[in-house]
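# A look at the structure
Each chain, letter by letter, is given below.
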Amino acid sequence: MWFKRIINSFFGIRKKNDLENDLKNVNLFKLIILFIALNIFFISFVLTITRIFL
C-alpha cells in the first residue's frame with residue numbers, strides 16, 4: 001500500500017478532498033501571478049533556445 005501512495009504522490013495524484021481544498025484557496029491575484037510567471041519562463045526558454053541555434 002505504501003508503494004501505491006509513493007507512486008501516486010510522484011505522479012501528482014491526490015485525494016478529492018485535497019484538490020477541493022487547493023481550489024478553494026485560489027484567487028484572482030494568484031492566477032495573475034501564475035500567468036505572469038509562466039509567460040516569463042516560456043519567453044526566456046524560447047530566447048535561450050534561439051540564442052543557442054543562432
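Predicted model, so just to flag it, every value in this text is computed and none were measured.

## Digging into the overall build of the protein chain
Each helix and strand in the protein chain was counted, giving 3 helices and 0 strands. Counting from the amino terminus, helix and strand elements in the protein chain follow one another as α-α-α. The buried share of the protein chain, taken over its 54 residues, is 0%. Entry remark: accessible area of the protein chain is about 5,700 Å², with carbon and sulfur atoms responsible for 72%.

## Overview of the packing of aromatic side chains
Two numbers describe a pair of aromatic rings. These are the distance of the centres and the angle of the planes. The tally for this structure, following the rule as stated, stands at 1 aromatic pair. On the basis of an interplanar angle of 20° and a centroid distance of 6.3 Å, the ring pair of Phe 41 and Phe 45 is categorised as stacked. In this pair, Phe 41 and Phe 45 both sit in helix H3 (residues 28-53), 4 residues apart, roughly one turn of the helix. Among the residues examined, Phe 45 registers a relative accessible area of 46% and is labelled partly exposed.

## A look at the confidence of the model for the protein chain
Looking at the protein chain, the pLDDT average stands at 81 and 70% of residues meet or exceed 70. Element-level mean pLDDT values for the protein chain span from 64 in helix H1 (residues 2-10) up to 92 in H3.

## Comments concerning the UniProt feature "transmembrane region" (unreviewed entry) in the protein chain
As recorded in UniProt, the sites labelled "transmembrane region" (unreviewed entry) are residues 28-49. Secondary structure across residues 28-49 divides into 100% helix and 0% strand, with the first and last C-alpha atoms of the span separated by 32 Å.

Definitions and cut-offs
Residues numbered from 1 in each chain as written. Predicted model: local features only at pLDDT ≥ 70, side-chain atom pairs only at ≥ 80, totals over all residues. Heavy atoms only, no water. Helix = DSSP H or I, 4+ residues; strand = E, 2+ residues; numbered from the N terminus. Buried < 20%, exposed > 50% of the residue type's maximum accessible area, 1.4 Å probe, protein only. Areas by Shrake-Rupley, 256 points an atom, 1.4 Å probe, with all protein chains shown as cover. Phe/Tyr/Trp six-rings, centres within 6.5 Å; stacked < 30°, edge-to-face > 60°. pLDDT = per-residue confidence, 0-100. UniProt positions renumbered as here; feature names shortened; annotations may be inferred.

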